[in-house]
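Inside the fold
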Amino acid sequence: MRILLVNSHHGGAVEQYRMMSPNHYLSKMFPEFTFDSVPFLNGDTYSISWTRVWNPDTKQVEETTIPKEEQKQVPMDDFIKGYDLVLFCRSIDVYGSSEITDRLKRIGIPFGIDFDDYWYLPTHHILYKDYLTYRKPEAMIQALKDATFVTCTTPFLAKEIKKYNKNVHIIENGIDHELEEWQPDLIRNKRLRFGFYQGSTHHKNIESISHSIQKVFRDPSLKNKFQIILAGFSNKYNTQIEQMPSSVKYERMLTDHLEVLNDDPNYQEYLVNCIQSNNEQFLNKPYVRIWGTTIENFPYTYHFSDVSVIPLIQDAFNRGKSELKLIEAGMKGKGAIVSNVAPYTLLATEDNSYLCTEGRDSFYKRIKRAINNPNEVWDKADQLREDVL
């Protein structure tokens, strides 16, 4: 059986976790299943200019660009007929066109779509205006209705999807435990390092605990006993939807615009300049940037932390997320301080995590307890890894 995956040319973590890796395992367990990956299915012809496949030897996604002189224009119908199943990620056509679904139905090829997020964004979301402008929720709902079947990450999403398509299946997020980059890092540090691994759309979640983190910095009893790590730092941003990089916003929230570092003006000046060079000279500071890297190397950034800090405000959109950040922490043998809300309640317990309520100082209290009880942190981390596996 030949499977065609349709995902962005700039594939991200979602496509890695939800499409490339699972289909690799499918073909590994059942060799009669094979798959290819393409960026789109629009138009009457398809120019095969690149492919993205999973290399079972390197256990990484490898992209191959076909030289222009070797590219072939293939009628789209003929190209699609070479496959038995087509799978989409999040949307079929982001602008709501029926061209692709009409073609697939006419040809008679079954097609599924995977969702890992709710389609209605809260007004504070960084992409809210973009979703409204291009009517993306409507396009996603239409895709749900058109699909032969739908897969998703959690029971909450499945319940919402069933309003539009009854043929829905829950495939929980998971990580390949055989990958080298996801092997546990069990170094136990006396100076606990608390890491933030959020993507670029978590402004309100970070903001919700900024007071707690600033209070940790300013607590004299905790001086020199901890570090705050901001992973995935970048000075780049989307000029159409952002006035400054999300990483810089997060940094300002967590450090009170660098005010908590007033006793180190040279380091403040370095941070203000927002450059990556010489960052390794400051890895012992109370606050540390870990600059962004590739999807394949991202797991290694957990080497710089001991506890993953995972805030999440409760709303319909966030309930549609998965517990992936907890899974990542567990895979790497890290502790977790996490909001006691869905979807994290699917995995987080008092035995494997520090659970936080929406109280103003909840994260501060849990971080302080962790700093003063490191053995408890490691016990919870060991239990989280066991529960994840």
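Summarised in this report is the structure supplied together with it. Since we're looking at a predicted model, the values are computed, not measured.

A short note on the sheet that holds strand β15 (residues 335–339)
- Pairing is parallel in the open sheet, where 6 strands are placed in the order β13-β12-β11-β14-β15-β16. Lying at the two open borders of the sheet, with one neighbouring strand each, are β13 (287–291) and β16 (354–356). Each neighbouring strand pair of the sheet contributes to a mean axis angle of 25 degrees, computed without reference to strand direction.
- Note that strand β11 (residues 192–196) and strand β14 (residues 307–310) share 2 bridges and pair parallel. Among the inter-strand pairings, F194 is bridged to a residue of β14, identified as V307.
- Its contacts with the sheet put helix α8 (residues 210–218) on β11, β12 (226–233) and β13, and the angle it makes with β12 is roughly 135 degrees.

Observations concerning the environment of Y344
- Structurally, Y344 is set in the loop between β15 and β16.
- Through-space distance from the C-alpha of Y344 to that of P22 is 22 Å; in sequence the pair is 322 residues apart.
- Not counting the four nearest positions on each side in its chain, Y344 is found in contact with I310, L312, S322, E323, K325, L326, V338 and S339.

A look at the packing of helix α12 (residues 324–331) against helix α14 (residues 374–388)
- α14 packs onto α12 with a crossing angle of 110 degrees between their chain directions and a minimal axis gap of 8 Å. As summarised for this structure, α12 and α14 are arranged roughly perpendicular, according to the angle between their axes. As for the relative orientation of α12 and α14, their crossing is left-handed in sense. Residues L326, I327, A329, G330 and M331 of α12 touch α14, and the partners they reach there are L384, R385 and V388.

Observations concerning α12
- Within α12, 8 of the 8 residues are buried, leaving the element largely enclosed by the surrounding structure.
- When we look at burial in α12, the residues that qualify are L324, K325, L326, I327, E328, A329, G330 and M331.
- Packing partners of the buried residues in α12 comprise α1 (13–29), β14, β15 and α14.
- Of the residues one or two after α12, G333 is the one with positive phi, at around 75 degrees.

Notes on the nonpolar core
- With 39 residues, the main nonpolar core has F194, F196, I213, F226, I228, Y287 and I337 as its most contacted residues.
- A total of 5 residues in this core trace back to one element, the largest contributor, which is helix α13 (residues 362–372).
- When near neighbours in sequence (up to four residues on either side) are disregarded, F226 contacts R191, L192, F194, V216, F217, P286 and I371.
- Residues L41, Y46, L157 and V168 belong to the second largest nonpolar core, which totals 35 residues.

A look at the environment of R385
- Structurally, R385 is set in helix α14.
- A sequence separation of 27 residues divides R385 from E358, and the C-alpha atoms of the two residues are 25 Å apart.
- With near-sequence residues (within four places) excluded, R385 lies in contact with P184, G330, M331 and G333.
- In this structure the side chain of R385 is engaged in a polar contact, spanning 2.7 Å, whose partner is the backbone oxygen of M331.

A look at the pattern of salt bridges
- One pass over the full model with this rule turns up 24 salt bridges.
- Salt-bridge contacts for D77 lead to R106; the nearest nitrogen and oxygen are separated by 2.8 Å. With D77 in helix α2 (residues 76–81) and R106 in helix α3 (residues 99–107), the pair connects residues that are 29 residues apart, well separated along the chain.
- Across the salt bridge formed by R135 and E138, the nearest N and O atoms sit 3.8 Å from each other.
- Overall, the relative accessible area of 51% leaves R135 in the exposed class.
- Judged by its relative accessible area of 41%, E138 falls in the partly exposed class.
- What you see here is one network of salt bridges that share partners, running through D44, D77, E99, R103 and R106.

Brief notes about the environment of R360
- One can find R360 in the loop between β16 and α13.
- Along the chain, R360 and I209 lie 151 residues apart, while their C-alpha atoms are 7.3 Å from each other.
- Within polar-contact distance, the side chain of R360 engages the side chain of H211 at 2.9 Å.

Here's the deal with the sheet that holds strand β2 (residues 34–38)
- Within the open sheet, the 6 strands sit side by side as β2-β1-β7-β8-β9-β10. Their pairing is parallel. Edge strands, defined here as strands with exactly one partner in the open sheet, are β2 and β10 (168–170). Ignoring which end each strand starts from, the neighbouring axes of this sheet average 25 degrees apart.
- Together, β8 (111–115) and β9 (149–152) form the strand contacts of helix α5 (residues 136–146), whose direction differs from that of β8 by roughly 135 degrees.

Focus: the side chain of N173
- When you line up the elements, N173 lands in the loop between β10 and β11.
- Here the side chain of N173 touches R18 through a polar contact of 3.2 Å, side chain to side chain.
- Within the structure, the side chain of N173 is placed 2.7 Å from the side chain of S322, a separation counted as a polar contact.
- In contact with N173, not counting residues within four places along its chain, are Y17, R18, T153, S322, L324 and I327.

Observations concerning the pairing of β8
- For β8, the buried fraction is high: 5 of the 5 residues fall into the buried class.
- In β8, alternate side chains face the same way, and those of F111, I113 and F115 on one face and G112 and D114 on the other are all buried.
- Where strand β7 (residues 85–89) lies against β8, 4 bridges are found, and the strand directions are parallel. Among the inter-strand pairings, V86 is bridged to a residue of β8, identified as F111.
- In this structure, β8 lies alongside β9, joined through 4 bridges in parallel fashion. Directly across from F115, in β9, lies its bridge partner C152.

Procedures and definitions
Residues numbered from 1 in each chain as written. Predicted model: local features only at pLDDT ≥ 70, side-chain atom pairs only at ≥ 80, totals over all residues. Heavy atoms only, no water. Pairing = 2+ DSSP bridges. Helix = DSSP H or I, 4+ residues; strand = E, 2+ residues; numbered from the N terminus. Axes fitted to C-alpha atoms, helices over the stretch in contact; angles between N-to-C directions. Contact = heavy atoms within 4.5 Å. Parallel < 35°, antiparallel > 145°, perpendicular 65-115°, else oblique. Left-handed = near helix turned anticlockwise from the far one by under 90°. Buried < 20%, exposed > 50% of the residue type's maximum accessible area, 1.4 Å probe, protein only. Core = buried A, V, L, I, M, F, W, Y, C linked by side-chain atoms within 4.5 Å. Polar contact = N/O pair within 3.5 Å; in protein donor to acceptor, adjacent residues only side chain to side chain. Salt bridge = Lys/Arg side-chain N within 4 Å of Asp/Glu carboxyl O.

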